[in-house]
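Close look at the chain arrangement
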Amino acid sequence: MSAFEVIGGKRLKGGITPQGAKNEALQVISAVLLTAEKVTIKNVPDILDVNRLIELLQLLNVKVERLSKNTYTFLADDVNPDYFGTSNFRDKSSKMRGSVMVAGPMLARFKKAYIPKPGGDKIGRRRLDTHIIGFEKLGAKFEYDEKLDEFVLKAPELTGTYMLLDEPSVTGTANIVMAAVMAKGTTTIYHAACEPYLQQLCKMLNGMGAKIKGIGSNLLEIEGVEKLHGTQHTMLPDMIEVGSFIGLAAMTQSEITIKNAGIRHLGMIPDKFQQLGIKMDFRGDDIYIPQQDLYEVQRYFDGSTVTFSDHPWPGLTPDLLSIILVTAIHAKGSVLIHQKMFESRLFFVDKLIDMGAQIILCDPHRAIVLGLERKQQLRGVVMSSPDIRAGVSLLFTALSAKGKSVIQNIEQIHRGYQDIEARLRSLGADIKTVH
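Attention here is on the structure that accompanies the text. (Residues numbered from 1 in each chain as written. Predicted model: local features only at pLDDT ≥ 70, side-chain atom pairs only at ≥ 80, totals over all residues. Heavy atoms only, no water.)

1. Focus on the overall build of the protein chain
For the protein chain, the count of helices and strands is 14 helices and 23 strands. The principal-axis extent of the C-alpha atoms belonging to the protein chain is close to 65 × 50 × 45 Å. Within the span of the protein chain, comprising 435 residues, buried residues form 57% of the whole. Counting contacts in the protein chain only where the partners sit at least 6 residues apart, residues at least 24 apart contribute 72% of the total. Summing over all exposed atoms, the protein chain offers an accessible surface of approximately 17,100 Å²; the carbon and sulfur share of this is 48%. (Helix = DSSP H or I, 4+ residues; strand = E, 2+ residues; numbered from the N terminus. Buried < 20%, exposed > 50% of the residue type's maximum accessible area, 1.4 Å probe, protein only. Contact = heavy atoms within 4.5 Å. Areas by Shrake-Rupley, 256 points an atom, 1.4 Å probe, with all protein chains shown as cover.)

What follows is the structure in structure tokens.
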């Protein structure tokens, strides 16, 4: 197994460009199954999870052409829906969470779909109820095959309806939208997710001929159409990477410019890092973070402890709480991190404590970080990446620590971050892969 060997404690400098948004990629690439015409997608991140989804589409007989490193064309004019029922499909799907996203398009166009038990990060329970119930309300029937551990969905005809989602699931909303765009009649989805990823998917679908209203709100109205056509789509910069690089600059006392950051799509992400006391300057679509020896947490007006917690968009995305937690280690002041959505995502703090961080893990969902104020340095240790977001958080913490750290299980990091070693080295980071 490969590992990262990191020599920390060095200040970084330079510019870095975020990749295309991973979470958007899994949705818009799945949407190519909705049409028999060519779809071109630009700014596709070259990461393991996305490459696995593209490989899965190729096994479904989708013709894929890579025009450049980050631009693809897809032509789903001869799809083999029977591949879904094979053990090979189940094996491929078990390695990636994003495989569930092909169910909605397949159900809409081919009237049947299979959802094996999905793979992905071990960050806690991530149920599929929103997906399945939404498909049911559109008229799909499902059976659960205990032996194969998969759902089999069939829908001779999908019919538009009103539905109130029990949770604003991003992937659940996306899957239901993709099924509804070709349903008969009008579908209304209330309590829908409205993250930028979902907005991008809806805009792409409208570009293919879908009729979706309410984009950017939690109330979507979808008028079904008989067929969709091809389109061109450019993905947004990955807002999780943007937030991660802001945290990296602060932790390592570095001067970094995040280029082409997609600022108007970041919501409150910059505000949250500014609440940690991190200075930044917006220059066009770039974010400049100056070298800052110490940053101080901005307390609430009543003097109480600042809490960072995840909320549905436009609230703070849960994918950035790990980065906010490790950034707070070096701050002046204390913060409470409340990870509401996933019950295992804070289970990497033991490694941070080993490095010298002062963190109290209150329960599976909450941790108190007591800022070190730069009065003591973290030390390098050997650790393992438990999931994508915690993995890159440990990597960035290692870059801020004194001495050598070794981070194992880096396949988790490669699943979500494109060329991360080379991009960090371009800033001056001392990092290499060892086997």
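2. Overview of the sheet that holds strand E17 (residues 306–309)
Pairing is mixed in the open sheet, where four strands are placed in the order E17-E18-E20-E19. Across the chains shown, the open sheet's two edge strands, defined by having one partner strand only, are E17 and strand E19 (359–363). Put simply, the sheet's adjacent strands are angled 20° from each other on average, direction ignored. Pairing analysis gives four bridges linking E19 to strand E20 (residues 366–370), with the strands arranged antiparallel. (Pairing = 2+ DSSP bridges. Axes fitted to C-alpha atoms, helices over the stretch in contact; angles between N-to-C directions.)

3. Re the side chain of Asp387
Structurally, the position occupied by Asp387 is in the loop between strand E21 (382–384) and helix H12 (388–400). Only 3.0 Å separates the side chain of Asp387 from the backbone nitrogen of Arg389, close enough to count as a polar contact. (Polar contact = N/O pair within 3.5 Å; in protein donor to acceptor, adjacent residues only side chain to side chain.)

4. Comments concerning the pairing of strand E1 (residues 3–8)
By the criterion of burial, E1 is predominantly enclosed, with five of the six residues buried. Note that E1 and strand E22 (residues 403–408) share six bridges and pair antiparallel. Bridge pairing in E22 places Gly8 opposite Gly403.

5. Quick notes on a nonpolar patch on the surface
A surface patch of nonpolar side chains, amounting to about 400 Å² of accessible area, comprises Tyr162, Leu164, Tyr190 and Leu219. On the secondary structure map, Leu219 appears in strand E12 (residues 219–223). A relative accessible area of 40% places Leu219 in the partly exposed class. (Patch = residues over 30% accessible without salt bridge, like charges linked within 9 Å, V, L, I, M, F, W, Y side chains within 5 Å. Salt bridge = Lys/Arg side-chain N within 4 Å of Asp/Glu carboxyl O.)

6. Details of the environment of Val369
Looking at the element boundaries, Val369 is found in strand E20. Through-space distance from the C-alpha of Val369 to that of Met341 is 19 Å; in sequence the pair is 28 residues apart. Beyond its immediate sequence surroundings of up to four residues, Val369 is in contact with Leu325, Ala328, Ile329, Gly333, Ser334, Val335, Ile337, Gln358 and Ile359.

7. Quick word on the packing of aromatic side chains
Here the structure, examined in full by the defined rule, presents four aromatic pairs. Centre to centre, the rings of Tyr144 and Phe151 are 5.0 Å apart; their planes meet at 50°, and the pair counts as tilted. Three or more aromatic residues joined by ring pairs form one cluster here, namely Phe142, Tyr144 and Phe151. Just above the ring of Tyr288 sits the side chain of Arg283; from NZ or CZ to the centre is 4.0 Å. (Phe/Tyr/Trp six-rings, centres within 6.5 Å; stacked < 30°, edge-to-face > 60°. Lys NZ or Arg CZ within 6 Å of the ring centre and 35° of its normal.)

8. Examining the pattern of salt bridges
Applying the stated rule across the entire model yields 18 salt bridges. For Arg415, the salt bridge is made with Asp49, and the minimal N-O distance between the two is 2.9 Å. Within this pair, whereas Arg415 is found in the loop between helix H13 (411–414) and helix H14 (420–426), its partner Asp49 is found in helix H2 (residues 48–59), the two being separated by 366 residues in sequence. Using a relative accessible area of 6% as the deciding quantity, one classes Arg415 as buried. Accessibility expressed as a relative area gives 2% for Asp49, which makes it buried. Here Asp281 and Arg283 are joined by a salt bridge, their closest N and O atoms 3.0 Å apart. Classification of Arg283 as partly exposed rests on a relative accessible area of 46%. Taken together, the salt bridges that share partners define one network made up of Glu5, Lys404 and Lys432.

9. Quick look at the packing of helix H8 (residues 239–251) against helix H10 (residues 321–328)
One can describe the packing of H8 onto H10 by two numbers: an axis separation of 9 Å at closest approach and a directional angle of 10°. As far as their axial angle goes, H10 and H8 are roughly parallel. Where H8 abuts H10, its residues Gly243, Ser244, Gly247, Ala250 and Met251 lie against Ile323, Val326 and Thr327. Grouping the constituent residues of the contact of H8 with H10 by class yields four nonpolar, four polar and no charged. (Parallel < 35°, antiparallel > 145°, perpendicular 65-115°, else oblique. Nonpolar A, V, L, I, M, F, W, Y, C, P; charged D, E, K, R; others polar.)

10. Focus on the packing of helix H1 (residues 22–30) against H2
Between two packed helices, the angle of one axis relative to the other and the distance separating the axes together describe the packing. The geometry of H1 relative to H2 is characterised by a closest axis approach of 10 Å and an angle of 10° between their N-to-C directions. Considered as vectors, H1 and H2 are oriented roughly parallel to each other. Contacts between H1 and H2 pair Lys22, Ala25, Leu26, Ile29 and Ser30 from the former with Asp49, Val50, Leu53, Ile54 and Leu57 from the latter. Considering only residue class, the contact of H1 with H2 consists of seven nonpolar, one polar and two charged.

11. Quick word on helix H6 (residues 170–180)
Most of H6 is tucked away: nine of the 11 residues are buried. Listing the buried residues of H6 in full gives Gly172, Thr173, Ala174, Asn175, Ile176, Val177, Met178, Ala179 and Ala180. With a side-chain oxygen lying 2.8 Å from the backbone nitrogen of Gly172, the N-terminal cap of H6 falls on Ser169.

12. Some points on the nonpolar core
With 75 residues, the main nonpolar core has Ile258, Phe273, Leu325, Leu352 and Phe396 as its most contacted residues. Per-element accounting of this core gives the leading share, nine residues, to H8. Excluding its chain neighbours within four sequence positions, the residues that come into contact with Phe396 are Ser244, Phe245, Leu248, Met251, Ile323 and Leu424. In this structure, Val62, Leu165, Val181 and Ile222 belong to the second largest nonpolar core, which totals 72 residues. (Core = buried A, V, L, I, M, F, W, Y, C linked by side-chain atoms within 4.5 Å.)

By themselves, these observations are geometric and do not establish any function.
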